[in-house]
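Architecture at a glance
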Amino acid sequence: NNNSKAVFAPCVRLAKQTSWASPASRISFSHVTHPSSQKETRKQKMTNISLEDYHHLPSGPFLLLSKIIDLACDNPVLSACPNWRSHLPLGLGKSPDGWLSHKVEGIDFLEPLLTYPDYLSQQQQEASPSSLWNYSFKTDSTSLGSLDNPTAFAVMILLTLIIRAIKRVMLPIFSAYGRKVGRATHGPSWEKTNEERIMKFGEYVYRLIFHSLISAYGVWYFWDKPWWDSSKGGTKTLFDGFPHDHPVEPGMAWYYLVQAAYNFDALVTIIELSFVFTWRSPLTTNGKEVEKVSKVSGTMKLQSPLSIQWSPTCRGDFQEMFIHHLVTNALVIGSSYLRLTRIGSMVFLVHDISDVPIDASKLANFVKWKKTTAVCFILLLVAWIGARLGIFPFYIYRAVLFESHLVLNAETAVAGTGPTVLQYYCYKFLFVVLIGMLLLLHVAWFIILMKIFFVLVFKGETQDLSEHKDGEKDHHNGMTSPPTSSSTTSTSNGKKEQ
């Protein structure tokens, strides 16, 4: 309360200004807070750790491998290898110099998130809609702030189901609008040969709406955040004071939940669009239907009960997009688990903003509005170069590479309330690899964009090579050509359709 602040304020000023005040005394004074102050952030005197003193430690890949093996061996089902290091050859598990000799402890330094029952107990309230609202949308660091928490995971699954329900209702409406636009622009015969375009038109209208709304929210919510403002500390605030000075605000928690739900749905959607799953009898008498079979009796053969075939709607950049969704979901879960939501939110925002002109240009190309496609494509190139090849590598990735050591604090590491050097090396390597993979995908897609640009400039054609790598004309020719006698035919996008 105000009285306690008035009593302690002179002491804090004296400790900071007087030369005889020892570091320990300054820390103790700076930590004085009233017990009832739930929103005040606990301040710590940062004591930097010199990583040069730890050059003898194994590198990040070996620490991460050790962590994965330890997690597997600590599992009750696989608990038969508790002393696996003693069985390694070449001294790999021998302490202290073995590459796999160090055990990376769990992240017990993170403070427990506030559960709803604990919130009710602290506030001396009964469960009610108003208390649930205040807990969910007005309270920092609740159980919604980390996706490894059962409550947050359940909410994420619920949001995913809501998103899929919305898509089930809205996509046919959006596709019908695309059919109407295409018919008005190109005549009634256009829709007969462009069913694939019409279906994808509905999907990209939904994506355009989502990316526009989530980008608008991101710009509004993160507008005054210090990690986007160099005058307020810039990217150093992504790590400085972690974890105690990094509460998960309600706006951040829900931003993460919505992003996690969307990206999980996107992973499921790309599988649905790329493959056709068909259940069939495990027994067959037609040997031509399967390539790998084993004889049961006579001409009866055994086949897989599940048939998986490439779908005609499979994207030309399926491999890149599938890897992108896997990496993105891993980053969402990992950054939420470690509560590095600040850096995660930056990655989200950069991608969402640059996705808006992508969706717009695809929509214009689907209905073959050439001038609109050209304008949207130019905006796409500007956004892609500025966001994904500019801000992403030189602002966000650079911070992970060269400023993430600021999470280390000698005092908190010893006290068990902050990350250790082993944990830092282990998890830094994981994020460096995942974010680096996204950057490589950005470069790969930029090469595809430049091919589209040259086709547009020199041939005057607007062909989306991300949908069909060999061009849309070749794709449609392949789709309409008669089937061959072989069991599989190679399509223009490099895939095989059975």
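Residues numbered from 1 in each chain as written. Predicted model: local features only at pLDDT ≥ 70, side-chain atom pairs only at ≥ 80, totals over all residues. Heavy atoms only, no water.

**Brief notes about the packing of helix α6 (residues 150-186) against helix α7 (residues 195-221)**
Where we set the bar: What counts as an axis is a line fitted to C-alpha atoms, over the stretch in contact for a helix, and the angles between N-to-C directions run from 0 to 180 degrees. Only runs of H or I of at least four residues qualify as helices and only runs of E of at least two qualify as strands under DSSP, and these elements are numbered from the N terminus. Should an angle lie under 35 degrees it is considered roughly parallel, over 145 roughly antiparallel, and from 65 to 115 roughly perpendicular; all remaining angles are considered oblique. By definition, any crossing whose near helix is turned counterclockwise from its far helix by less than a right angle is left-handed, and any crossing with a clockwise turn is right-handed. Here, two residues are considered to be in contact whenever any of their heavy atoms come within 4.5 Å of each other. In this classification, Asp, Glu, Lys and Arg are treated as charged, Ala, Val, Leu, Ile, Met, Phe, Trp, Tyr, Cys and Pro as nonpolar, and every other residue, Gly included, as polar.
Viewed as axis vectors pointing N to C, α6 and α7 meet at an angle of 125°, and their least axial separation amounts to 8 Å. Comparing the axis directions of α6 and α7 gives the class oblique. Note on packing geometry: the crossing formed by α6 with α7 is right-handed. Contact residues: I163, K167, L171, F174, S175, Y177, G178 and R179 in α6; E195, I198, M199, F201, G202, E203, V205, Y206 and I209 in α7. Taken together, the residues of the contact of α6 with α7 break down into 10 nonpolar, three polar and four charged.

**A few points about the environment of L147**
For L147, the location among the structural elements is in the loop between α5 (129-137) and α6. Along the chain, L147 and V332 lie 185 residues apart, while their C-alpha atoms are 8.6 Å from each other. Discounting chain neighbours no more than four positions away, the residues touching L147 are A152, F153, M156, L257, A260, V332, I333 and S336.

**Remarks on the confidence of the model for the protein**
What counts here: Confidence of the predictor in every single residue is expressed as pLDDT, which spans 0 to 100.
Mean pLDDT over the protein: 80, with 78% of residues reaching 70 or higher. Mean pLDDT across the elements of the protein ranges from a minimum in helix α2 (residues 23-30), with 31, to a maximum in α5, with 95. Low pLDDT, under 50, characterises residues 289-297; the predicted model gives this stretch 18 contacts beyond four residues in sequence or across chains. In this model residues 474-498 is a low-confidence stretch, pLDDT under 50, and it forms 37 contacts with partners more than four residues away in sequence or in other chains.

**Observations concerning unusual backbone geometry**
The bulk of non-glycine residues show a negative phi, and the bulk of peptide bonds are trans. Residues S95 and P96 are joined by a peptide bond in cis, for which omega reads 5°. With respect to the secondary-structure elements, P96 resides in the loop between α3 (60-74) and α4 (116-123). Residues F242 and P243 are joined by a peptide bond in cis, for which omega reads 0°. Assignment of secondary structure puts P243 in the loop between α7 and α8 (250-274). Located in the positive-phi region is Q124, a residue other than glycine, with phi close to 55°. One can find Q124 in the loop between α4 and α5.

**Re the pattern of salt bridges**
The cut-off we apply is this: Between Lys or Arg on one side and Asp or Glu on the other, a salt bridge is scored when a side-chain nitrogen of the former is within 4 Å of a carboxyl oxygen of the latter. For every residue, the accessible area (1.4 Å probe, protein chains only) is compared with the maximum for its type, and the residue is labelled buried under 20%, exposed over 50%, or partly exposed between those bounds.
Here the structure, examined in full by the defined rule, presents 10 salt bridges. We note a salt bridge from R388 to D355, for which the minimum N-O separation is 2.7 Å. Of this pair, R388 sits in helix α11 (residues 370-402) while D355 sits in helix α10 (residues 341-366), placing them 33 residues apart in sequence. On the basis of relative accessible area, R388 is assigned to the buried category, the value being 3%. Accessibility expressed as a relative area gives 11% for D355, which makes it buried.

**Some details on the packing of aromatic side chains**
For clarity, the cut-off: Side-chain rings of Phe, Tyr and Trp, where Trp is taken by its six-membered ring, are said to pair if the distance between their centres is within 6.5 Å; with planes under 30 degrees apart they count as stacked, over 60 as edge-to-face, and otherwise as tilted. Remark: a charge is flagged as sitting over a ring if the NZ atom of Lys or the CZ atom of Arg is within 6 Å of the ring centre and within 35 degrees of the ring normal.
This structure, assessed with the given rule, holds 28 aromatic pairs. With centroids separated by 6.3 Å and ring planes inclined at 40°, the aromatic side chains of Y206 and Y262 adopt a geometry described as tilted. With a gap of 56 residues between them, Y206 in helix α7 and Y262 in helix α8 connect regions that are remote in the sequence. Here Y206 falls in the buried class, since its relative accessible area comes to 11%. For Y262, a relative accessible area of 9% puts it in the buried group. Look at W310 and F318: their rings are 5.4 Å apart centre to centre, the planes differ by 80°, and that puts the pair in the edge-to-face class. Members of the aromatic cluster, connected to one another through ring pairs, are Y217, W220, Y221, F222, W227, Y255, Y256 and F348. Residue placement shows K225 over the ring face of Y221; its charged tip is 4.7 Å from the ring centre.

**Some points on empty space enclosed by the protein**
Basically, it comes down to this: A 1.4 Å probe that fits but cannot get out identifies a cavity on a 1 Å grid over protein atoms alone, an open set with protein on both sides within 12 Å along at least five of seven lines counts as a pocket, and a residue lines either if it has an atom within 4 Å of a point. Grid points are joined across faces, edges and corners, and a volume is the space filled by probe spheres set on the points.
Summed over all chains, the structure comprises two cavities of 30 Å³ or more. Its boundaries defined by the atoms lining it, the largest cavity holds a volume of some 250 Å³. Taken together, 17 residues line the largest cavity, and the ones lying closest to its centre are L338, L340, V407, Y427 and K428. With six residues, helix α13 (residues 421-459) is the largest single contributor of residues to the lining of the largest cavity. Of the residues contributing to the lining of the largest cavity, the split by class is 14 nonpolar, two polar and one charged.

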